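Overview (structure and organization)
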Amino acid sequence: MYLSGIEDMNVIDNLASELQCTGCMACVNRCDYGALTEIVNHDGFITWEYNADRCVECEKCIGVCPITHPVKPHKIQKIYAAFNKEEAIQMKSSSGGIAYALGEAILKDGGMVAGVAWEKGFRGVSYQLAYNQEQLSGFCQSKYLQSYIKDIYQKVERQLEKRCPILFVGLPCQIAGLRAYLGKEYKLLYTVELVCRGNLSIKGFQKYISFRKAQGINEISAVSMRSKLRGGHAQITLEIDTKDGVQHIFYAEEDPYFVSMWRGYALNNSCYDCRFKGESRMGDLSLADAWGSEFLYTDVFDDKGISHVLVNSNKGNALMEKIAHRLWIRKTDINNVVCVSKSLLTSAKRPEHRKQFYHDLDQISYEEIIDKYLKPIPKRRLATVEDAFYYQKESEQGKLLCAYGIGETYFRLQKEKILKFDYYTSSFGEDQRANQIEPVYLPYKEVKHREDIFVYITVHDYHSAKSIHEQLYKDRIPHKLFCDATL
Ligand SMILES: Cc1cc2nc3c(=O)[nH]c(=O)nc-3n(C[C@H](O)[C@H](O)[C@H](O)COP(=O)(O)OP(=O)(O)OC[C@H]3O[C@@H](n4cnc5c(N)ncnc54)[C@H](O)[C@@H]3O)c2cc1C
Ligand code: SF4
Ligand code: SF4
Ligand code: SF4
């Protein structure tokens, strides 16, 4: 945050602190006097600038900050796995194309959709209001960088006051910002939050694009951060198209921009201690990638993308009923979500040298940044148990990255009818603690042969511990089980 003019500590002291501010811009949208403005800070994150000369101390901004004045959360009622039956929509969306189906339904009812689209020139993304399907298409796919909020909450409020139905799709902190800004429930407002690992630095993205341009990728005509053209849904792929018709494809594990997200450097301060994790949710619906669908929904899996949909309110339920005919849909449970989308419950870990990273971003070349911080992450997809051993040994991230491999390897073995294993786990290296099941890993040094596999599982509730133990015992998989639940 930046101050100019005379400081009025009473006003700004009551807004979220620098470390907690999510950049939701509820305060800025609420200020009628131009005393707060949306800016991008040194590290490339959205925050506010305060001009005391303009402030009349009305304190309206304070009441709408969802960090200092939390809004009432919803509780998860039920969970589905789903995808859009229209393949073209599914293919151009991040996961199952559910957000598009919801938007279409609201447009059909004469409403509008608030979502995030690219700005001209691909230097950033911003919230916009869609009135038709063409504009709605621009919202498809996750754009992994922080969005400018601009005056979207004011626009939404004006439409709601005119009794126009609104679907607002965004990150949980932004849905909280909208609801806090409005200050009352509107019957015609529907909110959809995306399960979220974090908001990424705009500056980090711009540096990355400059790096690609220096490699000769000029005249950009499209950027897709979840392209399914080559790798399908499971292989996260960044595609940059240029006006000469060339598609430049980068697989996420080797792409410095994605690595900056997974190693945590690119994330906003508020994301390391996010207030919007857990089973209490901000939106009427929550959408997540159904990672591991090849194991969870084998009968329909074709790698075109499946979403997990959390229904958190009656409005959310009504929305899902409205679009059910457009979807393949199946009831599922919370365990299937938390073991693949850990971001639902836990925040990413702050990297030790984050401050230095942002300092270096201005001082050294992007090639040097890659060398120092963003070396490729070892390949995620593993074919054999031996691969898993390798990753355990080679991975800078240690046991937890390997845990992903082991989970996946077990499923492969299960498919081959060699072993039966019921739990799937994924992790990109940070210590993400799910409520019930933590990553499964095996200690590299102790393992020489498949028969030597030890599965370490830490669980916090007795019943999960018992059932995992029984399953492993039945399948004769040697294991150690830690359960810290009180029996
Ligand atoms: C920054 C970010 C981080 C995410 N992290 C995770 C995660 O850790 N685990 C997980 O399971 N899922 C995560 N997701 C959600 C996931 O990628 C999909 O968005 C979700 O599965 C819905 O997919 P879909 O196919 O229905 O819709 P999609 O076609 O993906 O579209 C969903 C909506 O996302 C909105 N959107 C796109 N970019 C942004 C942005 N930068 N800010 C706000 N809204 C945006 C668009 O307006 C659109 O309406 C994340 C999404 C984002 C944007
Ligand atoms: S107190 Fe009122 S005038 Fe001052 S910044 Fe907050 S909303 Fe704006
Ligand atoms: S309202 Fe949002 S942008 Fe303003 S201080 Fe609070 S969290 Fe930050
Ligand atoms: S992790 Fe939390 S604070 Fe960060 S963008 Fe997501 S919801 Fe907002």
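Computed from a prediction, not measured in an experiment: that's the story for all the values here.

If you tally the helices and strands in the protein chain, you get 18 helices and 19 strands. Looking at the protein chain as a whole, 47% of its 487 residues qualify as buried. The contacts in the protein chain between residues at least 6 apart in sequence include a share of 67% that link residues at least 24 apart.

For ligand 4, the full set of nearby residues is Thr22, Leu171, Pro172, Cys173, Cys196, Gly198, Asn199, Asn268, Ser270, Cys271, Cys274 and Phe276. Within the shell around ligand 4, the residues separate by chemical class into seven nonpolar, five polar and no charged.

As summarised here, the arrangement of the three strands in space is β11-β12-β13, forming an open sheet in which the pairing is antiparallel. Two strands in the sheet have a free side with no partner beyond their single neighbour: β11 (220–224) and β13 (247–251). When the angles between neighbouring strand axes are averaged without regard to direction, this sheet yields 15°. Examined bridge by bridge, strand β12 (residues 237–242) and β13 share five bridges and lie antiparallel to one another. If you follow threonine 237 over to β13, its bridge partner there is tyrosine 251.

The full set close to ligand 1 counts 31 residues, and Ser93, Ser94, Gly115, Arg197 and Ala288 are the nearest of them. If you tally residues by element for the shell around ligand 1, the top one is strand β15 (residues 285–289), at three residues. Looking at the shell around ligand 1, its residues break down into 15 nonpolar, 13 polar and three charged.

With that out of the way, let us pick up helix α8 (residues 172–182). Within α8, ten of the eleven residues are buried, leaving the element largely enclosed by the surrounding structure. Buried residues belonging to α8 abut α2 (26–30), α7 (152–161), β9 (166–170) and β10 (189–194). Two residues or fewer past α8, glycine 183 is found with a positive phi of approximately 75°.

A separate point is the environment of glutamine 159. Topologically, glutamine 159 is positioned in helix α7. The class for glutamine 159 is partly exposed, based on 19 C-beta atoms found within 10 Å. Put simply, glutamine 159 and leucine 189 are 30 residues apart on the chain and 9.8 Å apart in space, counted from C-alpha to C-alpha.

Below, the discussion takes up the sheet that holds strand β7 (residues 125–130). The strand order across the open sheet built from nine strands is β8-β7-β6-β9-β10-β15-β16-β5-β17, with neighbouring strands paired in mixed fashion. Looking at which strands have only one partner, the edges of the open sheet turn out to be β8 (147–148) and β17 (327–332). Sheet topology note: the strand β5 (residues 78–84)/β17 ladder contains six bridges and is antiparallel. Residue pairing in the sheet places phenylalanine 83 in a bridge with tryptophan 328 of β17. This element, helix α12 (residues 314–323), spans β10, β15, β16 (307–311) and β17 of the sheet and lies at about 135° to β16.

Turning to the pairing of β7, a few remarks are in order. Relative to β7, strand β6 (residues 112–118) is paired through six bridges, and the arrangement is antiparallel. Residue pairing across strands places alanine 114 opposite leucine 129, the latter belonging to β7. In this structure, the hairpin formed by β6 and β7 is closed by a connection of six residues, where glycine 121 is found at a positive phi of approximately 85°. Pairing geometry for β7 and β8, over two bridges, is parallel. Bridged to serine 126 within β8 is tyrosine 148.

With that settled, the discussion passes to the environment of histidine 248. Topologically, histidine 248 is positioned in strand β13. The sequence separation of histidine 248 and arginine 212 amounts to 36 residues, and the corresponding C-alpha distance is 9.9 Å.

Here we take up helix α9 (residues 202–214). Here α9 is 13 residues long and its end C-alpha atoms lie 18 Å apart, about the 18 Å a rise of 1.5 Å per residue gives. Within the sequence span of α9, burial applies to Ile202, Lys203, Gly204, Phe205, Tyr208 and Arg212. Where the residues of α9 are buried, they touch β2 (36–40), β12, α10 (256–262) and α14 (354–363). Glycine 216 sits one or two residues past α9 and shows a positive phi near 100°.

In this section: the confidence of the model for the protein chain. Put simply, the protein chain has an average pLDDT of 81, and 74% of its residues get 70 or more. Low pLDDT, under 50, characterises residues 2–8; the predicted model gives this stretch 14 contacts beyond four residues in sequence or across chains. Low pLDDT, under 50, characterises residues 478–487; the predicted model gives this stretch 22 contacts beyond four residues in sequence or across chains.

The rules behind each value
Residues numbered from 1 in each chain as written. Chains lettered and ligands numbered in written order. Predicted model: local features only at pLDDT ≥ 70, side-chain atom pairs only at ≥ 80, totals over all residues. Helix = DSSP H or I, 4+ residues; strand = E, 2+ residues; numbered from the N terminus. Buried ≥ 20, exposed ≤ 12 C-beta atoms within 10 Å, placed from the backbone. Contact = placed C-beta atoms within 7 Å. Near = placed C-beta within 6 Å. Nonpolar A, V, L, I, M, F, W, Y, C, P; charged D, E, K, R; others polar. Pairing = 2+ DSSP bridges. Axes fitted to C-alpha atoms, helices over the stretch in contact; angles between N-to-C directions. Expected span 1.5 Å × (residues − 1). pLDDT = per-residue confidence, 0-100.

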